[in-house]
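Breakdown of the fold
If you want the building blocks of each chain, they are given just below.
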Amino acid sequence: MNMKTEAIPMITNGPVGLWATWKEDVNCVFERDPAARNYFEILLTYPGVHAVLLYRLSHKLWKAKWFFTARMLAYLVRLLTNVDIHPGARIGARLFIDHGAGVVIGETAELGDDVTLYHGVTLGGTSWNKGKRHPTLGDRVLVGAGAKILGPITIGADARVGANSVVVANVPADGTVVGIPGRVVADQKLSTGSSGINLNHHMIPDPVGRAMACMLERIDKLEAQLEKQGALESGYQFKFYSQCEPGSDICDNECPDGKRYAHAHGE
């Protein structure tokens, strides 16, 4: 598996004006949330949008070295939205924070364009030292609900982070990472929508389930061999699988070879 990560340009080619940036931040909601119906609803009822719009202002204050004013604004935004974005974070165009509750983005975090974060996401640091200590996310990265990405690591462009994962190592572009600690389980290009963003964060591979299925298949084959050699009573597998309920996920999906053998050699 290729674990090479690509360099991520953090200077976007999008508009530099605050008003134009705000407009893009609002418009992107229609592409990534089918529940969004109109601008009025988005501007009044989306805490994630409120947090991003006001972050843009606090970030400008931070760059102008109005540090206390920027931090105070960020604090008030946190009280209002339950989203904590440090004004020093560098965030590209069209960030969408869905639902908003409990999202934390640290001071040295860097996000590319078109990133999507669900509720409960933390982009956190792992060091008390000043300097780069938070993650870097490439363009079009999607982070599922409750995921934690910790330390100065890089999540490559178009990668997906499964819900509740804890990621502490680099993830390659187009990769999918799940688990605690996070493990890359796929690194192939996935289909995307018209916006070029893959929102199918529920379609996550299950490496543990896959390993269990392989083990069950192996046990089936070993039992079949033992039955042929007389080490198991004749019809042992058939007796086991004959107790399966119709449409059983275990028998039909996880152990299909064993079920087929049992039916082929049934008494």
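Coordinates for the structure precede this section.
Only a predicted model underlies this, so the values are computations on that prediction, with no experimental measurement involved.

A few points about the pattern of salt bridges
For the structure shown, the criterion picks out ten salt bridges. In this structure, the salt-bridge partner of Arg94 is Asp114, at a minimum N-O distance of 2.6 Å. On the criterion of sequence distance, the pair formed by Arg94 in the loop between β2 (90-91) and β3 (96-97) and Asp114 in the loop between β5 (110-111) and β6 (116-117) is long-range, its members being 20 residues apart. The class of Asp114 is buried, set by a relative accessible area of 12%. Linked through salt bridges whose partners overlap, the residues forming this network are Glu24, Arg32, Arg94 and Asp114.

Some words on the packing of helix α3 (residues 47-63) against helix α4 (residues 67-81)
It is at 8 Å that the axes of α3 and α4 come closest, and there the two elements cross at 175°. Considering the angle they form, α3 stands roughly antiparallel to α4. Residues Pro47, His50, Ala51, Leu54, Leu57, Ser58, Leu61 and Trp62 of α3 form the contact with α4, whose own contacting residues are Phe67, Thr69, Ala70, Arg71, Leu73, Val77 and Thr81. For the contact of α3 with α4, a count of residues per class yields ten nonpolar, four polar and one charged.

Side note on the nonpolar core
Core analysis: the biggest nonpolar cluster contains 32 residues, and Ile105, Leu111, Leu117, Leu137, Val143, Ile149 and Ile155 have the highest contact counts within it. Elements that contribute at least two residues to this core include exactly α3, α4, β1 (83-85) and β4 (103-105). Among the elements that line this core, the one with the most residues is α3, at three residues. In this structure Leu117 touches Leu95, Phe96, Ile97, Asp98, Val103, Ile105, Leu111, Leu137 and Val143, once residues within four positions along its chain are discounted.

Focus on the packing of helix α1 (residues 18-32) against α3
In the contact formed by α1 and α3, the axes pass within 10 Å of each other and the chain directions differ by 160°. The angle between α1 and α3 places the two elements in the roughly antiparallel class. Crossing angle aside, the handedness with which α1 passes α3 is right-handed. Residues Leu18, Thr21, Trp22, Asp25, Val26 and Val29 of α1 pack against Val49, Val52, Leu53, Arg56, Leu57 and Lys60 of α3.

Procedures and definitions
- Residues numbered from 1 in each chain as written.
- Predicted model: local features only at pLDDT ≥ 70, side-chain atom pairs only at ≥ 80, totals over all residues.
- Heavy atoms only, no water.
- Salt bridge = Lys/Arg side-chain N within 4 Å of Asp/Glu carboxyl O.
- Helix = DSSP H or I, 4+ residues; strand = E, 2+ residues; numbered from the N terminus.
- Buried < 20%, exposed > 50% of the residue type's maximum accessible area, 1.4 Å probe, protein only.
- Axes fitted to C-alpha atoms, helices over the stretch in contact; angles between N-to-C directions.
- Parallel < 35°, antiparallel > 145°, perpendicular 65-115°, else oblique.
- Contact = heavy atoms within 4.5 Å.
- Nonpolar A, V, L, I, M, F, W, Y, C, P; charged D, E, K, R; others polar.
- Core = buried A, V, L, I, M, F, W, Y, C linked by side-chain atoms within 4.5 Å.
- Left-handed = near helix turned anticlockwise from the far one by under 90°.

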